[in-house]
Amino acid sequence: MSARIEPLACSGHGPVAGLDGCRGRWLCVTGDPHCPETIRALILENPRDLLDLDPRPQVVGADIPIGLADATPRRADVEARQRLGRPRGSSVFPAPLRVMLQAPSYEQACLLGRQHAGRALSRQTWNIIPMIRAMDNFLQECVDRQAWLREVHPELSFQAWNQGQAMNHNKKTSEGRRERHSLLEATFPGAHEAACRDLVHERYAPDDLLDAFAVFWTAARIAQGRAMRLPEVPEKDATGLPMEIVC
């Protein structure tokens, strides 16, 4: 089940931003979704760089786990996999437990996972632990940021964008890139080409940029009060951060 999220105190018009992890940094797409010519792309070193964006986005979406459970799996992850179905549901990795953020090694993180929840941690999730920790620190510093910056999963965004139909192809294939690009171009004509020019000297994967645009699309829905969240009844972790995915 999903429910519409509470609308933010913003006009629904104006800049928003979407973040996707990119080689230990953040690929950011930002601009006014109603004016595709204003959309630009850049690389941020850490979440704090969002505060220096000019103009400041009204809403930020980020493809990173926000709100971490102590033991049981997050309902948001379980429901996201169910909603996407096979094979796209496999793109939703279980979020790490909060206790894992301070683990000094992958082996220790897996040991903690087995002790607290009976499960280890994937290597892919371990590799982004520094980014999860950086985002967690950024949100813990100021409670107002927790409504401003929301967790988004690109495949859920693409599914919602595609009238409720999950993408047919893996995002790393040429077919997958084409079907995602067709959605993007129909909604934000010319924005992808302009973003590629912005990033001409940066190292990033093509699917990183497509994912950032999907998160940007959801950020626009949040600003407009049209976005939905999983699960329907919000959960919060031990620190008060929401454990939800918005699409």
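Below is a summary of the structure that appears in this document.

What counts, and where the lines are drawn
Residues numbered from 1 in each chain as written. Predicted model: local features only at pLDDT ≥ 70, side-chain atom pairs only at ≥ 80, totals over all residues. Heavy atoms only, no water. Pairing = 2+ DSSP bridges. Helix = DSSP H or I, 4+ residues; strand = E, 2+ residues; numbered from the N terminus. Axes fitted to C-alpha atoms, helices over the stretch in contact; angles between N-to-C directions. Left-handed = near helix turned anticlockwise from the far one by under 90°. Contact = heavy atoms within 4.5 Å. Nonpolar A, V, L, I, M, F, W, Y, C, P; charged D, E, K, R; others polar. 1 Å grid on protein atoms, 1.4 Å probe; cavity = no way out; pocket = protein on both sides within 12 Å on 5 of 7 lines; lining within 4 Å. Points joined across faces, edges and corners; volume = space filled by probe spheres on them. Phe/Tyr/Trp six-rings, centres within 6.5 Å; stacked < 30°, edge-to-face > 60°. Buried < 20%, exposed > 50% of the residue type's maximum accessible area, 1.4 Å probe, protein only. Salt bridge = Lys/Arg side-chain N within 4 Å of Asp/Glu carboxyl O. Expected span 1.5 Å × (residues − 1).

**With respect to the sheet that holds strand 2 (residues 16–22)**
Reasoning step 1: Sheet architecture is open: 5 strands sit in the order 4-3-2-5-6, paired in mixed fashion. Since the sheet does not close on itself, it has two edges, and those belong to strand 4 (40–44) and strand 6 (149–151), each with one partner. Ignoring strand direction, the axes of neighbouring strands in this sheet form an average angle of 25 degrees.
Reasoning step 2: Examined bridge by bridge, strand 3 (residues 25–31) and strand 4 share 5 bridges and lie antiparallel to one another. Counted as the bridge partner of Leu27 is Ile43 from strand 4.

**Concerning the packing of helix 6 (residues 154–161) against helix 9 (residues 206–223)**
Reasoning step 1: Axis separation between helix 6 and helix 9 bottoms out at 8 Å; the angle between their running directions is 65 degrees. Considering how the two elements wind past one another, helix 6 and helix 9 form a crossing that is left-handed. Only Leu210, Asp211, Phe213, Ala214, Val215, Trp217, Thr218 and Arg221 of helix 9 make contact with helix 6, whose side of the interface consists of Pro154, Ser157, Phe158, Ala160 and Trp161.
Reasoning step 2: For the contact of helix 6 with helix 9, a count of residues per class yields 9 nonpolar, 2 polar and 2 charged.

**Details of the layout of surface pockets**
Reasoning step 1: In this structure, the largest pocket encloses a volume near 920 Å³.
Reasoning step 2: Along its surface, the largest pocket is lined by 38 residues, and Asp63, Phe93, Gln124, Ile128 and Lys171 are the ones closest to its centre.
Reasoning step 3: Secondary structure elements with two or more residues in the lining of the largest pocket: strand 2, helix 3 (123–127), helix 6 and helix 9.
Reasoning step 4: Across the lining of the largest pocket, the residue classes tally to 15 nonpolar, 9 polar and 14 charged.

**Regarding the packing of aromatic side chains**
Reasoning step 1: A complete count under the given rule lists 7 aromatic pairs for this structure.
Reasoning step 2: When the ring of Phe158 is compared with that of Trp161, the centres are 5.8 Å apart and the planes differ by 5 degrees; the resulting orientation is stacked. One end of the pair, Phe158, and the other, Trp161, are both in helix 6, 3 residues apart, so they sit about a helical turn from each other.
Reasoning step 3: Trp161 gets classed as buried once you look at its relative accessible area, which sits at 7%.
Reasoning step 4: On the numbers, 5.2 Å between centres and 10 degrees between planes, the contact of Trp161 with Trp217 is stacked. Residue Trp161 is found in helix 6, and its partner Trp217 is found in helix 9; the two are separated by 56 residues along the sequence.

**A look at the pattern of salt bridges**
Reasoning step 1: What the rule picks out here adds up to 18 salt bridges.
Reasoning step 2: The salt bridge involving Glu141 is made with Arg48; its shortest N-O contact spans 2.6 Å. With a gap of 93 residues between them, Glu141 in helix 4 (residues 129–141) and Arg48 in the loop between strand 4 and strand 5 (60–63) connect regions that are remote in the sequence.
Reasoning step 3: We classify Glu141 as partly exposed; its relative accessible area is 47%.
Reasoning step 4: With relative accessibility at 39%, the residue Arg48 sits in the partly exposed group.
Reasoning step 5: Note that Glu193 is salt-bridged to Arg197, the shortest N-O span being 3.6 Å.

**Some thoughts on helix 7 (residues 174–187)**
Reasoning step 1: If you check helix 7, its first and last C-alpha atoms are 20 Å apart, about what 14 residues at 1.5 Å a residue would give, namely 20 Å.
Reasoning step 2: Check the buried side of helix 7 and you find it contacts helix 6, helix 8 (191–198) and helix 9.

**Some remarks on empty space enclosed by the protein**
Reasoning step 1: Taken as a whole, this structure holds 2 cavities of 30 Å³ or more when the rule is applied.
Reasoning step 2: Counted as a void, the largest cavity has a volume near 40 Å³.
Reasoning step 3: At 3 residues, the largest contribution of residues to the lining of the largest cavity is made by strand 6.
Reasoning step 4: Of the residues in the lining of the largest cavity, the class split is 3 nonpolar, 1 polar and 3 charged.
Reasoning step 5: Of the volumes computed, that of the second largest cavity is approximately 30 Å³.
Reasoning step 6: In terms of lining residues, the second largest cavity is bounded by Pro65, Ile66, Gly67, Leu68, Ile132, Met135, Asp136, Leu139 and Leu241.
Reasoning step 7: Tallied by class, the residues present in the lining of the second largest cavity amount to 7 nonpolar, 1 polar and 1 charged.

In short, shape yes, function no, at least from these values alone.
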